[in-house]
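Structural overview for review
What follows is each chain in one-letter form.
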Amino acid sequence: WDRLGGQPDTPAQINPIPVFGASGGAALYRRTMLNEIGLFDEDFFAYLEDVDLGFRLRMAGYRSLYVPQAVVHHVGSATSGGQHSDFALYHGHRNLVWTYVKNMPGALFWLCLPLHILLNLVVVLVFAARGRGGVLLRAKRDALIGLPRMWAKRRTIQRNRRAPVASLWRVMDKGFARD
């Protein structure tokens, strides 16, 4: 996802390298994979549906590659009013909870859950301090309302998981902030 943020590759970055998943605005998928695990989750509607799909592909044992020779021109959030529009904030933050619940494998789910909850609370407080707390609170409320539906999807996803938890953990980006 946004591997170099518009910066050119260096000569050392000429070979494809594994990444956790691809941005939906810059991905090619094999039809056989999609036939096996399904398409974008329509409950998500917008935002993080590509992360959800990438997570499900990973857990099914597939991999994603960053290909430096590929060129993609994508203006993120251009049709939804920008990354900090109410639309983007609502769907992004609601779907963040759903992605975690649906996809994080058992041991990692429980291990990372306190941090996931803490980060969600911090984000709500930060946006509340900026006068945008209402949007975040609605997003989190609706995420909680949708948890039974996501938990049902989780059971199927986890039952069909072929990738070992350790291999998923190795390829996850564990950074909290990006430059």
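Fair warning: this is a prediction, and the values are worked out from it, not measured in the lab.

The rules behind the values
Residues numbered from 1 in each chain as written. Predicted model: local features only at pLDDT ≥ 70, side-chain atom pairs only at ≥ 80, totals over all residues. Heavy atoms only, no water. Salt bridge = Lys/Arg side-chain N within 4 Å of Asp/Glu carboxyl O. Helix = DSSP H or I, 4+ residues; strand = E, 2+ residues; numbered from the N terminus. Buried < 20%, exposed > 50% of the residue type's maximum accessible area, 1.4 Å probe, protein only. 1 Å grid on protein atoms, 1.4 Å probe; cavity = no way out; pocket = protein on both sides within 12 Å on 5 of 7 lines; lining within 4 Å. Points joined across faces, edges and corners; volume = space filled by probe spheres on them. Nonpolar A, V, L, I, M, F, W, Y, C, P; charged D, E, K, R; others polar. Phe/Tyr/Trp six-rings, centres within 6.5 Å; stacked < 30°, edge-to-face > 60°. Lys NZ or Arg CZ within 6 Å of the ring centre and 35° of its normal. Contact = heavy atoms within 4.5 Å. Core = buried A, V, L, I, M, F, W, Y, C linked by side-chain atoms within 4.5 Å. Patch = residues over 30% accessible without salt bridge, like charges linked within 9 Å, V, L, I, M, F, W, Y side chains within 5 Å. Areas by Shrake-Rupley, 256 points an atom, 1.4 Å probe, with all protein chains shown as cover.

Section: the pattern of salt bridges
- According to the stated counting rule, one finds nine salt bridges in the structure shown.
- A salt bridge links R162 to E36; the nearest nitrogen and oxygen atoms lie 2.7 Å apart. Residue R162 is found in the loop between α6 (147–159) and α7 (165–171), and its partner E36 is found in helix α1 (residues 31–37); the two are separated by 126 residues along the sequence.
- Between R56 and D52 there is a salt bridge, with the nearest N and O atoms lying 3.1 Å from each other. Of this pair, R56 and D52 both sit in helix α2 (residues 49–59), four residues apart, roughly one helical turn.
- Owing to a relative accessible area of 9%, R56 belongs among the buried residues under this scheme.

Considerations on the layout of surface pockets
- If you add up the space inside the second largest pocket, you get close to 340 Å³.
- Of the residues belonging to the lining of the second largest pocket, the class tally is 13 nonpolar, two polar and one charged.

Observations regarding the packing of aromatic side chains
- Inspection of every chain in the model, using the stated rule, returns seven aromatic pairs.
- Considering the side-chain rings of Y100 and F109, the 5.2 Å spacing of their centres and the 35° angle between planes classify their relative orientation as tilted. Exposure class is identical for Y100 and F109. Each is buried.
- Between the aromatic rings of F109 and W110, the centroid separation amounts to 4.8 Å while the plane-to-plane angle is 75°, which identifies the pairing as edge-to-face.
- The class of W110 is exposed, set by a relative accessible area of 57%.
- Of the aromatic side chains, those joined through ring pairs into one cluster are Y100, F109, W110 and W151.
- For R130, the ring lying beneath its charged end belongs to F127, and the centroid distance is 5.4 Å.
- Of note, R154 hangs over the ring of F109, and the distance from its end group to the ring centre comes to 4.5 Å.

Re α2
- Among the 11 residues that make up α2, nine are buried, leaving the element largely enclosed by the rest of the structure.
- For α2, every residue scored as buried is listed here: D50, D52, L53, G54, F55, R56, L57, R58 and M59.
- Where α2 is buried, its residues meet β1 (17–19), α1, β2 (64–66), α3 (86–103), α6 and α7.
- A positive backbone phi angle near 100° is found at G61, which sits one or two residues after α2.

A closer look at the nonpolar core
- F55, Y100, M104, F109 and M172 are the most contacted members of the largest nonpolar core, which totals 19 residues.
- Not counting the four nearest positions on each side in its chain, F55 is found in contact with F20, T99, N103, M104, P105 and M172.
- Within the second largest apolar cluster, seven residues are counted, among which are Y90, F127, V135 and A139.

Observations regarding a nonpolar patch on the surface
- A cluster of nonpolar side chains, namely L115, L118, L119, V122 and V126, defines an oily patch on the protein surface of about 370 Å² accessible area.
- Structurally, L115 can be placed in helix α4 (residues 106–129).
- Take L115: its relative accessible area is 38%, and that puts it in the partly exposed class.

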